[in-house]
Amino acid sequence: MSKFMILYRAPESVREQMANATPEQLQAGLEAWRAWANKVGYAIVDLGTMLGHTTHVGPGAASRDGVCGYSILEAGSADEVETLLDGHPQLVMPGGGSIDVFEIIPVGDI
């Protein structure tokens with residue numbers, strides 16, 4: 001089994017919608033996440049949390065592609081992760097959201 005870093009992305013317009021959402025809208029979003037987490041709970045290593053862009057270090061401009069959260073899943077393959085993410089609330093949010101999947105490569109004992 002491998003671990004996979006799941007990065008959630010959303011355009012600025014979606015992040016603004018979330019910031020201005022009603023308590024009922026926020027609750028509905030949380031319920032969708034809970035339903036997904038209950039469905040694939042066996043694969044969740046760390047459900048993660050939302051992220052806010054703080055700073056950029058290094059050459060080049062800061063990315064404007066809207067990383068807004070993360071989770072860590074454990075699965076046998078990237079294909080299995082895609083199956084786990086089927087129907088994920090990030091993928092059906094109004095305004096568009098997407099998910100990047102990165103396999104975590106163990107470095108060993110440093």
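Bear in mind that the values here come from a model prediction, so they are computed numbers and not experimental data.

A.B. asks: Is there a simple way to explain the packing of aromatic side chains in this structure?
C.D. replies: The relation between two aromatic rings is expressed through the spacing of the ring centres and the mutual angle of the planes. Going through the model one piece at a time under the given rule, you end up with 2 aromatic pairs. Summarising the aromatic geometry, the rings of Tyr 8 and Trp 33 are spaced 5.0 Å apart at their centres and angled 80° between planes, so their arrangement reads as edge-to-face. Of this pair, Tyr 8 sits in strand S1 (residues 2-9) while Trp 33 sits in helix H2 (residues 23-39); the two residues are 25 residues apart in sequence, bridging distant segments of the chain. For the pair Trp 33 and Trp 36, a centre-to-centre distance of 6.2 Å together with 80° between the ring planes defines the contact as edge-to-face. Residue Trp 33 and its partner Trp 36 are located together in helix H2, separated by 3 residues, close to a single helical turn. Taken together, the ring pairs connect Tyr 8, Trp 33 and Trp 36 into an aromatic cluster.

A.B. asks: Hey, could you run me through the sheet that holds strand S3 (residues 67-75) in this one?
C.D. replies: What links the strands of a sheet is backbone hydrogen bonding, and the strands pair in either a parallel or an antiparallel sense. Here we have 4 strands laid out as an open sheet, ordered S2-S3-S1-S4, and antiparallel in their pairing. Each having just a single partner strand, strand S2 (44-50) and strand S4 (98-103) make up the two edges of the open sheet. Adjacent strand axes in the sheet meet at a mean angle of 15°, parallel and antiparallel pairs treated alike. Where S1 meets S3, 8 bridges bridge the pair, whose relative direction is antiparallel. Directly across from Phe 4, in S3, lies its bridge partner Leu 73. The sheet strands contacting H2 are S1, S2 and S3, and the helix crosses S2 at an angle near 165°.

A.B. asks: Just to check I follow, could you spell out the pattern of salt bridges for this structure?
C.D. replies: Side-chain pairs of opposite charge can arise whenever the charged atoms involved come near each other. Under the definition given, this model contains 2 salt bridges. Note that Asp 100 and Arg 9 form a salt bridge whose closest N and O atoms lie 2.3 Å from each other. With Asp 100 in strand S4 and Arg 9 in strand S1, this pair connects stretches of sequence that are 91 residues apart. For Arg 34, the salt bridge goes to Glu 31, with nearest N and O atoms at 2.7 Å. Taken together, the residues span about one helical turn, with Arg 34 and Glu 31 both in helix H2 at a distance of 3 residues. Owing to a relative accessible area of 40%, Glu 31 belongs among the partly exposed residues under this scheme.

Calculation rules
- Residues numbered from 1 in each chain as written.
- Predicted model: local features only at pLDDT ≥ 70, side-chain atom pairs only at ≥ 80, totals over all residues.
- Heavy atoms only, no water.
- Phe/Tyr/Trp six-rings, centres within 6.5 Å; stacked < 30°, edge-to-face > 60°.
- Helix = DSSP H or I, 4+ residues; strand = E, 2+ residues; numbered from the N terminus.
- Pairing = 2+ DSSP bridges.
- Axes fitted to C-alpha atoms, helices over the stretch in contact; angles between N-to-C directions.
- Contact = heavy atoms within 4.5 Å.
- Salt bridge = Lys/Arg side-chain N within 4 Å of Asp/Glu carboxyl O.
- Buried < 20%, exposed > 50% of the residue type's maximum accessible area, 1.4 Å probe, protein only.

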